[in-house]
Amino acid sequence: MDKYITGSKVGILLLCALLMSACSTNSTTAQSEALADTTAASGTTVTQDGAATGVQLASAKLTDLVTFDEDDSNTSWTADQSTDIALAGTSAVIDGTGAESKDGSVTITAAGTYVLSGKLNDGQIVINNQDDGIVHLVLNGVNISDSDNAAIYIKEAGKVIITLEDGTENSVSDGVTYVYADEATDEPSAAIFSKADLTINGTGKLSVSANYNDGITSKDDLKIMNGTLEIKAADDGMVGKDLVAVQDGKLSITAEGDGIKSTNDTEADKGFIAIAAGTFDIKAGNDGIQAETALVIDDGTYTVVTGGGNVNGEVKTGDQGAGMGMRGDRGQGTGGKTPGTSETSTPETKPEMPAQEASTTKMTTTTTTTTTESETASTKGLKAGGDISINNGMFTIDSADDAVHSNSNIAITDGELHIQTGDDGIHADALVAISGGKIDITKSYEGIEGANIAISGGEANVVSSDDGVNVAGGNDEATAGGGPQEQDQFSEAAANVLTISGGMLTVDAAGDGLDSNGSIVMSGGTVIVNGPTNGGNGSLDFDGSFEQSGGTLIAAGSSGMAQAPSDTSSQHAISMTFPQTQKAGTLVHLEDSEGNTILTFAPSKDYQSVVISSPELKDGGSYTLYSGGTSTGSEVNGLYTDGDYTGGTQIVAFEITSNITWLNESGVTTANTNQGPGGGGRRNP
């Protein structure tokens, strides 16, 4: 099998797998051969017969990318081994060596420990240490403001440690405009600006009011060890060019630009963000957390609002019969389109976004020149140009654009994600791999989207105005009105396979429930699909094949474009079409000839088609399908366990003699003869 590891040494160590050859929607053989080469990062290897075997999923952790040395944790100091700097309005009293006060500012020129206290009005702390030593700056209750430049400017040093002394409150602020020496100068550009590695530690508090541009910026590494940080920024909250690493702390960031950001796009082993723990409250006009390369989160609690929230999401046209997994003519691979069932959505008027959300504006001011630059805003919750690894944590994300977005791969191994978004809940250009945790997407355009998707564990609940789970290719062209959100791109080499080997997936979709431009492979887990209710979409939509060898599948929705697992599946399935639409909540009950319950389910939406696949369905077995009635069992996501079923109306009794049994109220029937390799399509009357 072909395997490859994406990214550099800072990328996620995903054992990911994408098909390198194109999949033909016209050939079952081509699909089967392609599936034989698929290795999914969910922990499954897909073989030609659709069986899945275990493959270890590896994802990056902070310790794979970042080393915190002894200096990063050092908060200790003594009066006899440090220089005391007592700020006094427009001047400072210095007791010790290595620093001088002049013209309202304090300049530190030597390595060592400096303890600052008091208030500095319209002045600056400058660190200019030419010998590349470590400067330890202890903020012991300070208020530093500069009306036309950075409050703390680290011009040169080997490394700077800022300690927030225990029990103290410290604040820094800058002005709305900066005065530079000449027109060519554009630094510093943050209230705290460093050209050297910068570490912030201690258990005190630091408030940053950045009125010009960024709150805290390091042109090298930026590390946060602990402490309480409150940042308000005219642009980005925190920026570390080479990396941002957070070990712990309490961070509250309100930024008109990005909340936390890394920017190095020229060195493959830099430009990443790694977070071990902490509490984060981020309100950003643009992205919440944005890594140029990789984003790794081990734990923590995150509340993220971007672009004003999901209410400011771009209005998109829904997939009403020709979406990502349906390329117009469904006669090949998906069964013919029923005349008159396709519905067309009329684009709605795009909501007007606040000025700071519609664009990012940066103003660079010298004594003589003002320049304004505007660029299209990205308003995603968690975003990375490379891989994203979520190992644990509690996330509440309300984003105008995608909640979790990677230009490469996403691995979710644990944690809880509560998502409301104006676009995709989780999007990866290559692979989305979910092996654990709990994902609750209560509002989205498309819930989970990627060139390939592999689900091997965890619990995911998805509500979408279009497709619930979408394995797509090409570009996302569904945006109405050409608004600020970026088109989604997908890997050209992707196989477009949805692989489900474990976990619990529940989908409530207005578009297709499970949609794959390629194929679907299911070997375990439980999948429940509610919707769509319009005839131009289907609960299941795939262009190739749906090979099922295990797990439980229930898909209830409209009948116009209904599909079922392929007849080459090793596990049996039934597809029932009712003569009329059934009301939401009307029970579907299936039992064997001895009265043993196979399944009792209450769809949450109106439905006319139900697909059921269970390991309990046996070749040659006799079964009866009921509608209505009640159950005394325990219900989770509409699926009942235990208890007694009574009061239903028998719809059809039948015997299973093939892998896929097509049913209507008269008994066993056949699938539409216009079906393709997918085995789906509208049933004959």
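Residues numbered from 1 in each chain as written. Predicted model: local features only at pLDDT ≥ 70, side-chain atom pairs only at ≥ 80, totals over all residues. Heavy atoms only, no water.

### Some thoughts on the overall build of the protein chain
Part 1 of the argument: Of the regular secondary structure elements, the protein chain holds 4 helices and 58 strands.
Part 2 of the argument: Counting only residues that meet the buried cut, the protein chain has 59% of its 685 residues in that class.
Part 3 of the argument: Look at the contacts in the protein chain between residues 6 or more apart in sequence, and 58% of them connect residues 24 or more apart.
Part 4 of the argument: In the structure as shown, the protein chain presents an accessible area of about 24,100 Å², 44% of it carried by carbon and sulfur atoms. (Helix = DSSP H or I, 4+ residues; strand = E, 2+ residues; numbered from the N terminus. Buried < 20%, exposed > 50% of the residue type's maximum accessible area, 1.4 Å probe, protein only. Contact = heavy atoms within 4.5 Å. Areas by Shrake-Rupley, 256 points an atom, 1.4 Å probe, with all protein chains shown as cover.)

### Let's talk about the nonpolar core
Part 1 of the argument: If you look at the biggest cluster of nonpolar residues, it comprises 102 residues, and the most contacted ones within it are I144, I216, M238, V404, L505 and L514.
Part 2 of the argument: Look past the residues within four positions of I144 in its chain and what remains in contact with it is L87, L116, L120, G123, I125, A151, I152, S171, V172 and S173.
Part 3 of the argument: With 23 residues, the next largest nonpolar core counts M504, Y623, V652 and I656 among its residues. (Core = buried A, V, L, I, M, F, W, Y, C linked by side-chain atoms within 4.5 Å.)

### Brief notes about the pattern of salt bridges
Think of it this way: side chains of opposite charge can pair up when their charged atoms draw near.
Part 1 of the argument: For the structure shown, the criterion picks out 14 salt bridges.
Part 2 of the argument: Note that K219 and E187 form a salt bridge whose closest N and O atoms lie 2.4 Å from each other. You can see K219 sitting in the loop between β17 (214-218) and β18 (221-224) and its partner E187 sitting in the loop between β13 (169-174) and β14 (190-194), a full 32 residues away along the chain.
Part 3 of the argument: Between K283 and D281 there is a salt bridge, and its shortest N-O distance comes to 3.4 Å.
Part 4 of the argument: Using a relative accessible area of 30% as the deciding quantity, one classes D281 as partly exposed.
Part 5 of the argument: Three or more residues are tied together by salt bridges with common partners; here these are D69, D72, K159 and K223. (Salt bridge = Lys/Arg side-chain N within 4 Å of Asp/Glu carboxyl O.)

### Quick look at the packing of aromatic side chains
Part 1 of the argument: Inspection of every chain in the model, using the stated rule, returns 9 aromatic pairs.
Part 2 of the argument: Ring centres of Y178 and Y212 lie 4.1 Å apart, and the angle between their planes is 20°; on these two criteria the pair is classed as stacked. One end of the pair, Y178, is in the loop between β13 and β14; the other, Y212, is in the loop between β16 (205-210) and β17, with 34 residues separating them in the sequence.
Part 3 of the argument: In this structure Y212 comes out as buried when scored by relative accessible area, which is 9%.
Part 4 of the argument: Both rings, one in F280 and one in Y302, keep their centres 4.7 Å apart while their planes meet at 5°; by these two values the pair is stacked. (Phe/Tyr/Trp six-rings, centres within 6.5 Å; stacked < 30°, edge-to-face > 60°.)

### Observations regarding the sheet that holds strand β51 (residues 622-627)
Part 1 of the argument: Read from one edge of the open sheet, 6 strands run β53-β54-β49-β48-β51-β56, paired in antiparallel fashion. One side of each edge strand has no neighbouring strand; the edge strands of this open sheet are β53 (634-636) and β56 (649-655). Here the average twist between neighbouring strands, direction ignored, is 25°.
Part 2 of the argument: Where β51 meets β56, 6 bridges bridge the pair, whose relative direction is antiparallel. Considered in β56, the bridge of S622 is made with E655. (Pairing = 2+ DSSP bridges. Axes fitted to C-alpha atoms, helices over the stretch in contact; angles between N-to-C directions.)

### Notes on unusual backbone geometry
Part 1 of the argument: Note that the residue after E187, namely P188, is joined by a cis bond; omega there is 5°.
Part 2 of the argument: Along the chain, the position of P188 falls in the loop between β13 and β14.
Part 3 of the argument: For the peptide bond that leads from G531 to P532, omega is 5°, which places it in the cis range.
Part 4 of the argument: Along the polypeptide, P532 turns up in the loop between β44 (519-530) and β45 (540-542).
Part 5 of the argument: Positive phi values are uncommon outside glycine, yet D132 reaches one of about 60°.
Part 6 of the argument: Position of D132 relative to the elements: it lies in the loop between β9 (125-128) and β10 (134-146).
Part 7 of the argument: Its identity as a non-glycine residue notwithstanding, N496 has a phi of 60°, on the positive side.
Part 8 of the argument: Mapped onto the elements, N496 comes out in the loop between β41 (469-471) and β42 (497-509).

### Observations concerning the confidence of the model for the protein chain
Part 1 of the argument: Averaged over every residue, the pLDDT of the protein chain is 84; residues scoring 70 or more account for 78%.
Part 2 of the argument: Across residues 320-374, where pLDDT falls below 50, the model places 150 contacts with residues more than four positions away in sequence or in other chains.
Part 3 of the argument: Scored below 50 in pLDDT, residues 672-685 makes 60 contacts in the model with residues more than four places away or belonging to other chains. (pLDDT = per-residue confidence, 0-100.)

### Let's talk about the side chain of T661
Part 1 of the argument: Position of T661 among the secondary structure elements: in strand β57 (residues 660-664).
Part 2 of the argument: Residue T661 is classed as buried on the basis of its relative accessible area, which comes to 3%.
Part 3 of the argument: Ignoring anything within four residues of it in the chain, the contact list for T661 reads A573, I574, S575, F654, I656 and V668.

### Let's talk about the environment of D269
Part 1 of the argument: Looking at where D269 falls in the secondary structure, it is placed in the loop between β23 (260-262) and β24 (272-275).
Part 2 of the argument: Judged by relative accessible area, D269 falls into the partly exposed class, the value being 29%.
Part 3 of the argument: Considering only alpha carbons, one finds D269 and L65, 204 residues apart in sequence, at a separation of 8.9 Å.

### Topic: the pairing of β10
Part 1 of the argument: Of the pairings in the sheet, the one linking strand β8 (residues 112-120) to β10 comprises 8 bridges and is parallel in character. From the neighbouring strand, T113 faces β10, where its bridge partner is H136.
Part 2 of the argument: Here β10 runs beside β13; their pairing, made up of 4 bridges, is parallel. Bridge pairing in β13 links S145 to S173.

### Details of the environment of A671
Part 1 of the argument: Within the secondary structure layout, A671 lies in the segment after β58 (667-669).
Part 2 of the argument: Taking the relative accessible area as the measure of exposure, A671 reaches 10% and is therefore buried.
Part 3 of the argument: Along the chain, A671 and Q563 lie 108 residues apart, while their C-alpha atoms are 9.2 Å from each other.

### Digging into the environment of G667
Part 1 of the argument: Among the secondary structure elements, G667 is positioned in strand β58.
Part 2 of the argument: Overall, G667 belongs to the buried group, its relative accessible area being 6%.
Part 3 of the argument: Sequence separation of G667 and E655 is 12 residues, and the distance between their C-alpha atoms is 9.3 Å.
Part 4 of the argument: Dropping the residues within four chain positions of it, G667 is found in contact with V652 and W662.

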